[in-house]
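Overview (structure and organization)
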Amino acid sequence: MDLEKGYIAPDTALKKLRAARSLKQTVYIYGATGYGKTELVKQYLKNRRYQYISCEEDTAALVELAEDTPEGMPKGRKGTENESRSVVVLDDLHLLKSAEGRRAALALAGRKDVWLIFVCRSPVPSWLMPLYVAGGFIVINENDLCLGEKETTAYMETQDIILTEEELASVCKKCRGNAYAVRHTALKIQEGMRPGSELEKEIEGAFAEYLEDHVLVQWDSDLLEFLMQLSVTEEFTLPLAETITGNSHAVELLGRAAETGNFISLKEDTYRLHPILVKALRRRGAKTLGSEVLKDHAYNAGLWYEMQGQIVPALAMFEKCGNKERIRELLVRNARLNPGNGHYFALRHYYLGMEEKELEDSPVLMAGMSMLYSLLMQEEESEYWYKKLERFATSVKGGQKREAVSRLAYLDIALPHRGSMDMIEIMKKMPALLFDKGMGLPEFSVTSNIPSTMNGGKDFCHWSRNDRKLAATIGKLVERVLGRYGKGLVKAALGESLYEKGEDTYEVLTLLTRAKMEAESGGVPEIAFAAVGLTVRLDALQGELQTAKEVLSSFEKSIREQGAVQLLPNIAALRCRLALREGDKKTVEDWLKEAPDENREFCILERYRYLTKVRCCLSAGEYLKAQSLLEKLRYYGEKCHRTYTRMEINLLSAITKYRTGGEWKEEFFTALKEAENYHFLRIISEEGAAVQELLRAAGKRKLEKETADRNWLSRILEETGKVAVRYPVYLKGQLAKAPDFCEAALCVLRLQAEGKSYGQIAEELSIKEATVKYHAKENYRKLGVSGKTDAVLAARNLGIL
């Protein structure tokens, strides 16, 4: 692959080469096709004498060179300290298959008169590993070879191409540092295209075509066939690979694949193929194996996923092979699960794509459609399918009638848009409706996998006013109606209610402990998680953050052993909330990489993670992002009658608006009054310093005027102050002031506020663009933000602009 024209070698790779030459160490360079491995070496050695051997073309030359005497080898430049050492570049090492050639390579690597540079597409192969471990190579990996923003910009300038900041960011993101992709992008821009989806598609197609025509043809036929069969999926385990291909030599073939190129990775027993390689393999497979054969392999994959209970990928495979019967069977099976365990939202396009006639003869599917539309906040459509199911129940007998009646009872309790105001009356009817007739409720989730019973599947704040009375009177009925899904529920709910109101810590802890033990004795892990989540909050409130982390870690280990993977995302979110309290930015940043993207799709089942994300945004100073997400959550809260969520949103929105100079008092006092109405303390006090600044800004006189209970207000002020002292960095606001910025930095900030790019600012201030970027980066750091928009917003709020 010719990348010579204008190639800009990455600094990291060049530094490692210089270090290796100075230390007289062998160099091992590896990366997938197109990352400029060979070009890097050629550029570095352009003024030096060296011997270049490609293992693809001239293995005999390698053997001959290994047997040559030091006098017969080319030396470095005269006058250099390494002039006595011969420089040898051994390229295409992944193609070196013969034992004789490998012995020759090992011999060269062991010679002190040779500085050897290996160039390969894969990490250090097994046959080189003993030498690597014994002597140590300096390894230049694919990340070191990636062209960054600096190199990409410099390369584009050599091609007389000027990109805007947004275009450059787009090119860097899509090319992933691959030199071939950057060069092809430049060629297409010169032809008139601009960065965007059309150009991205062009680059991906061209790269896949290059791999198919020039790389795949180098592979052994059995390996290529194996990988073409596997390409029906992008990631797989060894058992899945064996199932898809029916090949008992999968272990050996995967080992060979890893040594063929850096296209396959292994992490926690899961192999992943590079997306571009997948595209090339599928193109090749369609031509050589045929579409029907590939469908058979996709069917095999679907069966394996189905047996593992992985419904989403199973459906994707059955859709790929066009097996509609299996798709319907899996959709019925998924509809039997509660939303916390099922995949209603992820599979919505399958459900919504079904004909009404296909749904009408299945009470399970009709109930599933009613639940799905409720999750999508389309209550009219949800009620349409509820009424359809109701009519169906009156027109059938036997098993179908029992199924329909059971599903209707389940929907009466569980539909999100109906709220919980009539729940006691609904519960009272259940024994006569179901149990006296020998029927029961389908699988049920009280919490929707959220660590809360009062704010879980439904909002039960209004029950908190009479919590002890309700626990004593209808507690047994609730547990009887819900069966194993309600074991431990009453104690967990009462413990949560008392915790929110700041009542006796030991009573709360006792209730939560017993709730967890009951749930673990024949109940469900969701209730145990609710109890553990409250225990973690209690520990954190008391300042025992390490204990809170240990409790959560121990529970997560237990959950993994049980296979209750549906709880893991919210366990990770709770851990992130603890990390925010202690200012652990690394954990927060790692969690954000896995956080749901509300702009791509908004799912109400992700609300706990969304509210965690809002707190991350507040901590990072990304106020516009926080407010945007809060408005989406506000719509959900209104649609589904979520009292607790509404209070939480008003509080976090008030914090956001206070920090950005907006009108914050109305939302803040609304949250305070509603919390006071339920006697809730912790929803306010847990936010610590973030709320304390609003309490101070409001003033004691105003607070006393807006609230009726002086004792409640006194406890709020006292407890919030303690939390602020314990966790001073939690959701910490911006502290920067105008004197913190030099004149040049302020000029950059002012010009950014006018919408000017780095290049335009550099030209106006007569400074280098790199200097502009440095000032911008420092400005963001001082303001506690991560981007231009939030920096300008924060600077205006602080009076800097």
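Before going into details, it helps to say that this report is about the structure given with it.

Procedures and definitions
- Residues numbered from 1 in each chain as written.
- Predicted model: local features only at pLDDT ≥ 70, side-chain atom pairs only at ≥ 80, totals over all residues.
- Heavy atoms only, no water.
- Phe/Tyr/Trp six-rings, centres within 6.5 Å; stacked < 30°, edge-to-face > 60°.
- Buried < 20%, exposed > 50% of the residue type's maximum accessible area, 1.4 Å probe, protein only.
- Lys NZ or Arg CZ within 6 Å of the ring centre and 35° of its normal.
- Salt bridge = Lys/Arg side-chain N within 4 Å of Asp/Glu carboxyl O.
- Helix = DSSP H or I, 4+ residues; strand = E, 2+ residues; numbered from the N terminus.
- Pairing = 2+ DSSP bridges.
- Contact = heavy atoms within 4.5 Å.
- Axes fitted to C-alpha atoms, helices over the stretch in contact; angles between N-to-C directions.

Let us now look at the packing of aromatic side chains. This model, assessed by the stated rule, comprises 23 aromatic pairs. Ring centres 6.4 Å apart and planes at 15° place the aromatic pair Y344 and Y351 in the stacked group. Here Y344 and Y351 have matching classes, each one buried. Taken together, a centroid distance of 4.9 Å and an interplanar angle of 15° make the contact between F602 and Y610 stacked. Three or more aromatic residues link up through ring pairs in this structure, and these residues are Y28, Y30, F118, Y132 and F137. One residue, R577, lies across the ring of Y608, its end atom 4.0 Å from the ring centre.

Tallying each qualifying case throughout the model produces 59 salt bridges. Measuring nitrogen to oxygen at the nearest pair gives 2.9 Å for the salt bridge that ties D222 to R256. Here the residue D222 occupies a position in helix α11 (residues 221-230), and R256 occupies one in helix α13 (residues 250-260), the gap between them amounting to 34 residues. Overall, the relative accessible area of 39% leaves D222 in the partly exposed class. A salt bridge links K428 to E425; the nearest nitrogen and oxygen atoms lie 3.8 Å apart. Placement of the pair is K428 and E425 together in helix α23 (residues 423-433), with a separation of 3 residues, close to one helical turn.

Attention now goes to the sheet that holds strand β6 (residues 235-236). Strands sit in the order β6-β8-β7 across an open sheet of 3 strands; the sheet is antiparallel. The strands lining the two open edges of the sheet, one partner per strand, are β6 and β7 (264-267). As paired elements, β6 and strand β8 (residues 270-273) share 2 bridges and run antiparallel to each other. Considered in β8, the bridge of E235 is made with R272.

Now for helix α2 (residues 37-44). Side chains three or four residues apart in an α-helix point the same way, a direct result of the helix having 3.6 residues per turn. Buried within α2 we find K37, E39, L40, V41 and Y44. Looking at the buried residues of α2, the elements they touch are α1 (11-23), β1 (27-30), β3 (86-91), β4 (114-120), β5 (138-140) and α6 (142-145).

So, about the sheet that holds β1. In spatial order, the strands read β2-β3-β4-β1-β5; together these 5 strands make up an open sheet with parallel pairing. Looking along the sheet, the strands with just one partner apiece sit at the ends: β2 (51-54) and β5. Strand after strand, the sheet turns through a mean of 15° between neighbouring axes, direction not considered. Relative to β4, β3 runs parallel, the two sharing 5 bridges. The residue of β4 that forms the bridge with V88 is L116. The strands touched by α1 within the sheet are β1, β3, β4 and β5, with β5 carrying the most contacts at an inclination of about 160°. Lying over the sheet, α2 contacts β1, β2, β3, β4 and β5, oriented at roughly 155° with respect to β4.

Functional significance is not addressed by these values, which are geometric in nature.
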